[in-house]
Amino acid sequence: MHDGADNMGATGGNDNGPLVLRASYSRLGKAIGSFLFAGFWNGIVSIFVFHLIRGAMRGAFEWLLAIFLIPFVLIGLGAIVFFIHSLLGIFAPRVVITLSARRIRLGDPVELNWEFTGRVQVIEKLNICLEGCEEASYRRGTSTATDRHIFARVQLITSSDLNDIRSGHTRLQLPSNSVPTFTARSNKIVWNLRVNGVIRRFPDVADTFPINVLPAAPMEADA
Amino acid sequence: MNEIRIGTKDEQTAFRPGELIEGAIGWNLPEELRAIEVRLGWQTRGKGTEDAETVNEIKFDDPPAQGARPFQFVAPDQPYSFSGKLISVIWFLEVRVRPKGATARKDIIIAPTRQEVILGAPAPSE
């Protein structure tokens, strides 16, 4: 079970100092991953498409193969679109999230600061929220499936004002009646800060910052 | 007679983290025993594959065929006892007899309010 005091996805700072959060995955990594998948998938599908086209040019179009290939070609096209989307996402404005404390306990207030760099003026609306999520993994046939359920959502900021979007701060208070981060092999409780910046005709800013939530400070014993 | 029992002081079944969990086990078994173990642990229930962990354990070696022993644990900080849509965490006290493997078990709650946390429940009013 995870019981670390330090925060996940964090850089810098000491136990009492501020904490700069890191996104759960990098945009470049997402773009590279989607490129590799699109290249692999379309590389294989293109062999059959090439075979189909060559047959058609010889006057022997294989209808059954063509119908069979339709879903695979559609998935390949979707993979290309996703790659382009991920590639453009690299150039979206970047956000740095800083928390005032490194150790975040249930019920304790924490100051949250955000600051965008890059073409921040393209963001039309900013939404930052905290989400608590159950994650349960289980075997399904020969693979492992994971179900997720969001049990807590705390809205922190929603704004369409450019000055508010560029940088700001708010108070984050984790629900005192909830549970800390829990990490077992197949079952997890995760807490994420989600930053969503809506950009017209361009991939949105959609970054997730996992935070390690510690148990509440000990309560006074009953009288 | 083949009997194993586990109980807590004042029949308390809910504890805060850091609180003392005191109790006793009793047994009356027909043959020689190698050991009796008392465990404090948790397990998950729900949609995910079960996870479980023994957090603390007390072992009594070469006990007589019948007897009783007190035990004491400190309730850990986490995980809390909770119940959600997909996952629940249940704390338990368990006594296990070696080599027979016979067991007795008592479910308990460990949480700051001494009540199982229900995920998604509205926050208490100030």
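Above this note sits the structure.
Residues numbered from 1 in each chain as written. Chains lettered and ligands numbered in written order. Predicted model: local features only at pLDDT ≥ 70, side-chain atom pairs only at ≥ 80, totals over all residues. Heavy atoms only, no water.

Asks: When you look at the overall build of chain A in this model, what are you seeing that I'm missing?
Replies: Helix and strand counts for chain A come out as three helices and 12 strands. Residues classed as buried in chain A amount to 39% of the 223 residues present. In chain A, once contacts between residues fewer than 6 apart in sequence are set aside, the share between residues at least 24 apart is 68%. (Helix = DSSP H or I, 4+ residues; strand = E, 2+ residues; numbered from the N terminus. Buried < 20%, exposed > 50% of the residue type's maximum accessible area, 1.4 Å probe, protein only. Contact = heavy atoms within 4.5 Å.)

Asks: Help me understand the packing of helix α1 (residues 27-57) of chain A against helix α2 (residues 63-89) of chain A in this model?
Replies: For any two helices packed against each other, one specifies the crossing angle of their axes together with the interaxial distance. All names here are of chain A. Interhelical geometry of α1 versus α2 gives an angle of 155° and a closest axis separation of 8 Å. The orientation of α1 relative to α2 falls into the category roughly antiparallel. The two elements α1 and α2 cross, and the hand of that crossing is left-handed. A class-by-class count of the residues in the contact of α1 with α2 yields 21 nonpolar, six polar and two charged. (Axes fitted to C-alpha atoms, helices over the stretch in contact; angles between N-to-C directions. Parallel < 35°, antiparallel > 145°, perpendicular 65-115°, else oblique. Left-handed = near helix turned anticlockwise from the far one by under 90°. Nonpolar A, V, L, I, M, F, W, Y, C, P; charged D, E, K, R; others polar.)

Asks: Honestly, the packing of aromatic side chains in this entry has me stumped. Any pointers?
Replies: Any two aromatic rings considered together are summarised by their centre-to-centre distance and by the angle between their planes. Overall, the coordinates contain nine aromatic pairs over all chains when judged by the stated rule. Pairing F35 of chain A with F83 of chain A gives two aromatic rings, centres 5.3 Å apart and planes at 50°, and the pair type is tilted. Here F83 of chain A lies in helix α2 and F35 of chain A lies in helix α1, a separation of 48 residues in the sequence. Overall, the relative accessible area of 48% leaves F35 of chain A in the partly exposed class. Through a chain of ring-to-ring contacts, three or more aromatic side chains come together here, namely F37, W41, F68 and F72 of chain A. One cation-aromatic arrangement involves R119 of chain A over F202 of chain A; the distance from NZ or CZ to the ring centre is 5.3 Å. Against the face of F60 of chain B rests R69 of chain B, its NZ or CZ located 5.8 Å from the ring centre. (Phe/Tyr/Trp six-rings, centres within 6.5 Å; stacked < 30°, edge-to-face > 60°. Lys NZ or Arg CZ within 6 Å of the ring centre and 35° of its normal.)

Asks: Can you walk me through the environment of G118 of chain A in this structure?
Replies: Position of G118 of chain A relative to the elements: it lies in the loop between β5 (109-117) and β6 (123-140). Distance from G118 of chain A to F91 of chain A, taken between C-alpha atoms, is 8.2 Å for residues 27 residues apart in sequence.

Asks: Can you walk me through the nonpolar core in this structure?
Replies: Soluble globular proteins tend to bury their nonpolar side chains together. Grouped together as the largest cluster of nonpolar side chains are 68 residues, with contacts concentrated most on L99, F116 and L193 of chain A. No other element matches strand β8 (residues 87-98) of chain B, which puts six residues into this core. Residues contacting L193 of chain A, with those up to four places away along its chain left out, are L21, I97, L99, L112, I128, C129, L130, L156, D207, T208, F209 and I211 of chain A. (Core = buried A, V, L, I, M, F, W, Y, C linked by side-chain atoms within 4.5 Å.)

Asks: I'm lost on the interface of chain B and chain A in this one. Help?
Replies: Interfaces are often described in size by the accessible area the parts lose on coming together. Tallying the contact residues gives 29 residues for chain B and 32 residues for chain A. Roughly 2400 Å² is buried in total at the junction of chain B and chain A, and carbon and sulfur atoms are behind 62% of that figure. In this structure, the connection of chain B to chain A is made through one salt bridge. The interface formed by chain B and chain A includes 11 residue pairs in polar contact (both at pLDDT 80 or more). At the level of elements, β4 (35-46) and β8 of chain B are the ones that each hand at least two residues to the side of chain B that touches chain A. Looking at the side of chain B that touches chain A, its residues break down into 14 nonpolar, seven polar and eight charged. (Buried area = accessible area lost by both parts, 1.4 Å probe. Salt bridge = Lys/Arg side-chain N within 4 Å of Asp/Glu carboxyl O. Polar contact = N/O pair within 3.5 Å; in protein donor to acceptor, adjacent residues only side chain to side chain.)

Asks: Teacher, can you tell me more about the pairing of β5 of chain A here?
Replies: Consecutive side chains along a regular strand alternate between the two faces of the sheet. Residues and elements named next belong to chain A. Burial of the side chains of β5 is restricted to one face: V110, L112, W114 and F116 are buried, whereas none of P109, E111, N113, E115 and T117 on the reverse face is. The pairing of strand β3 (residues 94-99) with β5 spans six bridges and is antiparallel. By the bridge assignment, V96 is partnered in β5 with E115. Bridge analysis of β5 against strand β8 (residues 167-173) gives seven bridges, and the strand direction is antiparallel. Each residue of the ladder has a partner; that of V110, found in β8, is L172. (Pairing = 2+ DSSP bridges.)

Asks: Sorry, what's going on with the state of the cysteines here?
Replies: Linking two cysteines covalently via their sulfur atoms produces the bond known as a disulfide. Residues and elements named next belong to chain A. Applying the stated criterion to the full structure yields zero disulfides over all chains. Note on C129: no disulfide assigned, nearest cysteine sulfur contributed by C133 at a separation of 12 Å. Given a relative accessible area of 5%, C129 falls into the buried group. Looking at C133, the relative accessible area reads 8%, which means it is buried. (Disulfide = S-S within 2.5 Å.)

Asks: Any chance you could explain the environment of P203 of chain A here in plain terms?
Replies: All names here are of chain A. Within the secondary structure layout, P203 lies in the loop between β10 (187-199) and β11 (205-211). The sequence separation of P203 and I84 amounts to 119 residues, and the corresponding C-alpha distance is 9.6 Å. Excluding residues that lie within four positions of it along the chain, P203 makes contacts with H85, L88, G89 and A92.

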